[in-house]
Amino acid sequence: MTCLIKPPVKKNTIPIDLKLHNDIQAVERARFAHQVAEKRRLIKQYKMERERQQKLEEQEEIKRLRKELIPKAQLMPYFDRPFVPRRSEKQPTVPREPKFCIPRHKTIRCCRMSCNDMSGPSQLQHLPSSVEKTEALYKNRGLQQYDVK
């Protein structure tokens, strides 16, 4: 019989440890997430400590105010020297009459003038007084001012 010759045996291949970019990034991200979580925990702890300190300070302030604000009796004033008011050294105020007149720039003008009326030296028309009105009324009726019927 013939013997078959065995082919030469190959050595087992040893796999090379692969370093993928995703694996490296995942490790760095986990490390970063751990740092962020640690910072948040420290900030939360710091806030709680600060709130606790503030609450203690407020309680101490309330206690102090309650001690200070206890009503206490006032001392009796001394009446051995009576109070004598002194005359003021200031000059007295001088009274003024109130101004009841209306300034000219605030008066209401009852009639408007046309451009022809403004040709004279006075821009305002002469308005008759109450005496002139009554005289004109008597004149129109043919009466004199002091005639009595």
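This text follows the structure it describes.
Residues numbered from 1 in each chain as written. Predicted model: local features only at pLDDT ≥ 70, side-chain atom pairs only at ≥ 80, totals over all residues. Heavy atoms only, no water.

This brings us to the overall build of the protein chain. When helices and strands are tallied, the protein chain shows 2 helices and 0 strands. Relative to its full complement of 149 residues, the protein chain shows a buried share of 0%. For the protein chain, the exposed area adds up to about 17,700 Å²; of that, 58% sits on carbon and sulfur atoms. (Helix = DSSP H or I, 4+ residues; strand = E, 2+ residues; numbered from the N terminus. Buried < 20%, exposed > 50% of the residue type's maximum accessible area, 1.4 Å probe, protein only. Areas by Shrake-Rupley, 256 points an atom, 1.4 Å probe, with all protein chains shown as cover.)

Further remarks concern the pattern of salt bridges. Summed over the entire model, instances satisfying the criterion amount to 4 salt bridges. We note a salt bridge from E38 to R41, for which the minimum N-O separation is 2.3 Å. Pair noted here: E38 and R41 are both in helix α1 (residues 21-68), with a separation of 3 residues, about one helical turn. Across the salt bridge formed by E68 and R64, the nearest N and O atoms sit 2.7 Å from each other. Residue E68 and its partner R64 are both found in helix α1; the two are separated by 4 residues, about one turn of the helix. Three or more residues are tied together by salt bridges with common partners; here these are E61, R64 and E68. (Salt bridge = Lys/Arg side-chain N within 4 Å of Asp/Glu carboxyl O.)

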